[in-house]
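Reading the structure
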Amino acid sequence: MLTIAALASLTILGYAAFYLIKCYTAPFGPCHRCKGTGNRRGLILRHTHECHRCAGTGKRVRLGRRMIERVRDEYRAGTR
């Protein structure tokens, strides 16, 4: 019989595994600032301009993918 803590741990591990698989298969996600459009509206004049965070593409690299690349770079730098 599983306890609530064990069930919560399995749920968190399952979610983490799903997110890592998602980061490998689809490393780019929508930009949260422009909501994936690539354009933002100005605060004062209300004209649209290119989103600075995603450079107008509407896509950004996911946080998990950046972490995977960081670990990979550290591993490669240490093995030489």
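Below you will find a few notes about this structure.

What follows covers helix α2 (residues 63–78). With 16 residues, α2 extends 23 Å from end C-alpha to end C-alpha; this agrees with the ideal 22 Å at 1.5 Å per step. Buried residues of α2: Gly64, Arg65 and Ile68, and no others. All buried residues of α2 lie within an arc of 100° about the axis, which places them on one face of the element. α2 presents Leu63, Met67, Arg70, Ala77 and Gly78 as exposed residues on the side facing more than 90 degrees away from its buried surface. Those residues of α2 hidden inside the fold are in contact with α1 (4–25) and β4 (59–61).

Excluding glycine, most residues fall at negative phi; most peptide bonds, likewise, are trans. We note that Lys35 has phi near 60°; this positive angle belongs to a residue other than glycine. Structurally, the position occupied by Lys35 is in the loop between β1 (28–30) and β2 (39–41). With phi around 60°, Ala55 is a residue other than glycine that occupies positive phi space. Examined against the element boundaries, Ala55 turns out to sit in the loop between β3 (48–50) and β4.

This part takes up a nonpolar patch on the surface. Together, Leu2, Leu7, Leu10 and Leu13 make up an exposed nonpolar region whose accessible area comes to about 430 Å². You can see Leu13 is positioned in helix α1. On the basis of relative accessible area, Leu13 is assigned to the exposed category, the value being 58%.

A few words on the side chain of Arg65. Inspection of the secondary structure assignment puts Arg65 in helix α2. Not counting chain neighbours up to four residues away, the residues in contact with Arg65 comprise Cys23, Tyr24 and Pro27.

By the definition in use, this model includes 3 salt bridges. Across the pair Arg65 and Glu69 runs a salt bridge, and its minimum N-O distance is 3.3 Å. One end of the pair, Arg65, and the other, Glu69, are both in helix α2, 4 residues apart, so they sit about a helical turn from each other. Residue Arg65 is classed as buried on the basis of its relative accessible area, which comes to 18%. The shortest N-O distance in the salt bridge between Glu69 and Arg72 comes to 3.2 Å. Note that Glu69 and Arg72 are positioned in helix α2 at a spacing of 3 residues, about one turn of the helix. Exposure remark for Arg72: the relative accessible area of 27% places this residue in the partly exposed category. The structure contains a network of salt bridges with shared partners spanning Arg65, Glu69 and Arg72.

What counts and what doesn't
- Residues numbered from 1 in each chain as written.
- Predicted model: local features only at pLDDT ≥ 70, side-chain atom pairs only at ≥ 80, totals over all residues.
- Heavy atoms only, no water.
- Helix = DSSP H or I, 4+ residues; strand = E, 2+ residues; numbered from the N terminus.
- Expected span 1.5 Å × (residues − 1).
- Buried < 20%, exposed > 50% of the residue type's maximum accessible area, 1.4 Å probe, protein only.
- Arc of directions from axis to C-beta.
- Contact = heavy atoms within 4.5 Å.
- Patch = residues over 30% accessible without salt bridge, like charges linked within 9 Å, V, L, I, M, F, W, Y side chains within 5 Å.
- Areas by Shrake-Rupley, 256 points an atom, 1.4 Å probe, with all protein chains shown as cover.
- Salt bridge = Lys/Arg side-chain N within 4 Å of Asp/Glu carboxyl O.

Distances and angles like these do not, on their own, reveal function.
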